[in-house]
Amino acid sequence: MSNLDTHLWWQKDIVYQIYPRSYKDNDGDGIGDLPGIMEKLDYIKELGVKVIWISPIYPSPMADFGYDVSDYTEIHPMFGTMEDFVRLLEEIHQRDMKLILDFVPNHSSSEHPWFLESRKSKDNPKRDWYIWKDPKPDGSEPNNWLSVFGGSGWEFDEKTGQYYYHAFLKEQPDLNWRNPEVQEAMLNNMRFWLDKGVDGFRVDVMWHMIKDDQFRDNPPNPDYTENMSPYDKHLQAYTTDQPEVHEIVNKMRKVMDDYDERVMIGEIYLPVERLVKYYGENNEGTHLPFNFQLVLLPWKAREIEAAINKYEGVLPANGWPNWVLGNHDNARVASRVGREQAKNAVMLLLTLRGTPTMYYGDEIGMENVFIPHDKVQDPQEKNIPGKGLNRDPERTPMQWNDLENAGFTNGEPWLPLMDNFKEVNVKNQEENPKSMLNFQKRLIRLRNSEPALHVGEYVPVSSAGNLLSYIRKYSDKEFLVVLNLGNSEETMDPDISGYRALVKISNYPEIENREISGKFSIKPNQGLIAELK
Ligand code: GLC
Ligand code: MG
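Residues numbered from 1 in each chain as written. Chains lettered and ligands numbered in written order. Predicted model: local features only at pLDDT ≥ 70, side-chain atom pairs only at ≥ 80, totals over all residues. Heavy atoms only, no water.

Caption draft 1: Seen up close, the overall build of the protein. Helix and strand counts for the protein stand at 16 helices and 19 strands. For 533 residues, the compact-globule formula gives about 24 Å, and the C-alpha radius of gyration of the protein, at 24 Å, lands near that figure. The principal-axis extent of the C-alpha atoms belonging to the protein is close to 75 × 50 × 50 Å. For the protein, the residues scored as buried account for 62% of the 533 residues in total. Counting only contacts in the protein whose residues sit at least 6 apart along the sequence, the fraction spanning at least 24 positions is 68%. In the protein, 60 side chains carry a positive charge and 85 a negative one; their mean positions are 3 Å apart. (Helix = DSSP H or I, 4+ residues; strand = E, 2+ residues; numbered from the N terminus. Rg over C-alpha atoms; globule rule 2.2 N^0.38 Å. Buried < 20%, exposed > 50% of the residue type's maximum accessible area, 1.4 Å probe, protein only. Contact = heavy atoms within 4.5 Å. Lys, Arg positive; Asp, Glu negative; His and termini not counted. Charge placed at Lys NZ, Arg CZ, Asp CG, Glu CD.)

Have a look at this one:
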């Protein structure tokens, strides 16, 4: 890498998300923990990813598995102690890696001392820290706002005769970010972890943080159909993505900027034109508004190509792109796109321009796990059953080896394991040079060693049918990526006169180190990355 390069770690390196309940259990309670993650740091380092994001590890009643925080500056005893955390952070830094924590500012747990105060009386000093409203004259909810997790977004509180708003569970009351005291208290919670040395935050539901101050009803969604979540009955015109949210994001960003080279990633599910607004005026918003298009789009070459080009087109000057392939809220990529396409999916993720985020277990091709009715944990499925909204299938324990419980725990795992874990596990795949794991390690190594692939320009290459193709380019080095997203043979005819290229990596390893030129044929589900000569 030339020393003229000014890209920062969070632009170059790969983010790896750990869902801590499911990574590695050290104390035998069936739930993953910080000492468990500590045991696996060398594995993660060896994989080649350098940034670890851990989903919430704070004290929580676990109504939404940690996204209901009852203390923003402590560690849940189930995950370990503050000493464990400090040691984990040190060990990560010693390995020249970074740690990003999840920050959940939109709502706290209903057990948070702030909310316990707030609900005591209408004149409690913390009353206005949450969103309280009088009933309508007939006693009904103040307006039609719905909860993402089913039913009304308003919960009536007998004691004080008012409703409070919760965009998610009633155990997750929304904080009132219009209140300057809330802002200061929450910004201090960020400073607490930044002072400890964490390298950044993934900010939960950033686009939810401010709601309409006139509390207007949301309009109906003309595209709603019965198979959708009841939340989709409305367009979220007044509950999310309000103009004033950008002032809040900017205040959070200023906190980050008081420290050296930290990163703020925003969880935001919005169409790209609105998404990119979260970079902020002059890039004074969030560093990376999560781009979920690869998670949401159908696996079709033309649609993905159009999405990439559009995203590249709407990014603000100096706004750094990013791509996500999976997370704890969406189906496993191998289940979504199919096993045959799983390697193409990761080739795409790791060669697009922008910071990639990988989800634990995808490196060995873990799939959605069927969860029998009586084992369901996810509150979203419990509240809105039978609509395919269960998030447990993508949250199952990491498959480390072929021993009992896949080496995840000595106890009873909190979610069932995939029944294929005897074959699909880290140990097996480490031993098999052709495994998904070794394929991804080689791919990550190639990406990390080639500036063209991590910071280079993106140049579209015209292709047709199921083919997706582009070039990544940095100074005099260029790589051609060709992916067949379909299951029939195709012909690739790049519009590059007289080129010759050497295949560096492919899911058909027999073509590696071969030269391609002119028109060439691409097998079903085949993908390749070739260096142009
Ligand atoms: C985010 C989290 C999700 C959680 C929700 C409410 O979308 O990723 O897991 O349920 O916020 O906090
Ligand atoms: Mg444990």
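Caption draft 2: Region of interest: the side chain of Arg332. Among the structural elements, Arg332 can be located in the loop between strand 10 (322-324) and helix 11 (333-337). Setting aside its immediate chain neighbours within four residues, Arg332 contacts Tyr359, Tyr360, Gly361, Asp362, Met366, Glu367, Asn368, Glu394 and Thr396.

Caption draft 3: Examining the sheet that holds strand 16 (residues 500-506) more closely. Spatially, six strands are ordered 12-13-14-19-16-17 in an open sheet, and the strand pairing comes out antiparallel. Looking at which strands have only one partner, the edges of the open sheet turn out to be strand 12 (457-460) and strand 17 (515-517). Here the strands of the sheet are splayed against their neighbours by 35° on average, with no regard to which way each runs. Bridging between strand 16 and strand 17 involves three bridges; their strand directions are antiparallel. By the bridge assignment for strand 17, Ala501 is matched with Ile516. (Pairing = 2+ DSSP bridges. Axes fitted to C-alpha atoms, helices over the stretch in contact; angles between N-to-C directions.)

Caption draft 4: The arrangement of the site of ligand 1 in detail. In the neighbourhood of ligand 1, 14 residues make up the surrounding shell, with Asp64, Asp204, Glu267, His328 and Asp329 lying closest. His107 has a polar side-chain atom sitting 2.9 Å from an oxygen atom of ligand 1. Here an oxygen atom of ligand 1 sits 2.8 Å away from a polar atom, N or O, in the side chain of His328. Coverage of ligand 1 by the protein chains reaches 95% of its 310 Å² of free accessible surface. Taken together, the residues of the shell around ligand 1 break down into four nonpolar, three polar and seven charged. (Near = heavy atom within 4 Å. Polar contact = N/O pair within 3.5 Å; in protein donor to acceptor, adjacent residues only side chain to side chain. Areas by Shrake-Rupley, 256 points an atom, 1.4 Å probe, with all protein chains shown as cover. Nonpolar A, V, L, I, M, F, W, Y, C, P; charged D, E, K, R; others polar.)

Caption draft 5: Structural context of the packing of aromatic side chains. All chains considered together, the criterion is met by 31 aromatic pairs. Aromatic side chains Tyr43 and Trp400 sit 5.0 Å apart centroid to centroid with 80° between the ring planes, which places their arrangement in the edge-to-face category. Note that Tyr43 is positioned in helix 3 (residues 41-47) and Trp400 in the loop between helix 13 (379-383) and helix 14 (426-431), a separation of 357 residues in sequence. Neither Tyr43 nor Trp400 differs from the other in exposure class; each is buried. With 5.3 Å between their ring centres and 75° between their planes, Trp145 and Tyr165 make a pair best called edge-to-face. (Phe/Tyr/Trp six-rings, centres within 6.5 Å; stacked < 30°, edge-to-face > 60°.)

Caption draft 6: Spotlight on helix 6 (residues 180-196). The end-to-end C-alpha separation of helix 6 is 25 Å, in line with the 24 Å expected for 17 residues at 1.5 Å each. At its buried positions, helix 6 is contacted by helix 4 (82-94), strand 3 (98-103), helix 5 (113-118), strand 7 (200-203), helix 7 (245-257) and strand 8 (263-266). The opening residue of helix 6, the one whose side-chain oxygen lies 2.7 Å from the backbone nitrogen of Glu181, is Asn179. Residue Gly197 follows helix 6 closely and has a positive phi angle near 105°. (Expected span 1.5 Å × (residues − 1).)

Caption draft 7: View of the nonpolar core. Residues Tyr16, Tyr23, Ile44, Phe85, Phe201 and Met398 are the most contacted members of the largest nonpolar core, which totals 150 residues. The element best represented in this core is helix 6, accounting for seven residues. Not counting residues up to four positions away in its chain, the partners in contact with Tyr23 are Tyr16, Ile18, Ile37, Lys40, Tyr43, Ile44, Tyr360, Met398, Trp400 and Phe408. Counting 16 residues, the second-largest nonpolar core is a separate cluster that includes Val461, Ala501, Ile516 and Ala530. (Core = buried A, V, L, I, M, F, W, Y, C linked by side-chain atoms within 4.5 Å.)

Caption draft 8: How the structure looks around the sheet that holds strand 5 (residues 154-157). Pairing within the open sheet is antiparallel, and its three strands lie in the order 4-6-5. Where the open sheet ends on each side, the last strands, each with one partner, are strand 4 (132-133) and strand 5.

Caption draft 9: Expanded view of the environment of Leu502. With respect to the secondary-structure elements, Leu502 resides in strand 16. For the pair Leu502 and Asn513, spaced eleven residues apart in sequence, the C-alpha separation works out to 5.8 Å. Not counting chain neighbours up to four residues away, the residues in contact with Leu502 comprise Asn513, Arg514, Glu515, Ile529, Ala530, Glu531 and Lys533.

Caption draft 10: Focus on helix 7. The end-to-end C-alpha distance of helix 7, which contains 13 residues, comes to 18 Å, matching closely the 18 Å that a straight helix rising 1.5 Å per residue would cover. Of the positions making up helix 7, those classed as buried are Val245, Ile248, Val249, Asn250, Met252, Arg253, Val255 and Met256.

Caption draft 11: Summary view of the coordination of the magnesium ion (ligand 2). The magnesium ion (ligand 2) binds to the protein through Asp25 (OD), Asp27 (OD), Asp29 (OD), Ile31 (O) and Asp33 (OD), with metal-donor distances spanning 2.1 to 2.3 Å. Read in sequence order, the donor residues coordinating the magnesium ion (ligand 2) give the pattern D-x1-D-x1-D-x1-I-x1-D. Asp25 gets classed as buried once you look at its relative accessible area, which sits at 3%. Judged by relative accessible area, which is 2%, Asp33 ranks as buried. (Donors = N, O, S within 2.8 Å, 3.2 Å for Na, K, Ca; no water.)

Caption draft 12: Layout of unusual backbone geometry. The residue Asp96 is not glycine, and still its phi comes out positive at about 65°. Tracing the chain through its elements places Asp96 in the loop between helix 4 and strand 3. Look at Asp96 and you get exposed, because its relative accessible area is 60%. Although it is not a glycine, Asp241 adopts a positive phi angle of roughly 50°. Along the chain, the position of Asp241 falls in the loop between strand 7 and helix 7.

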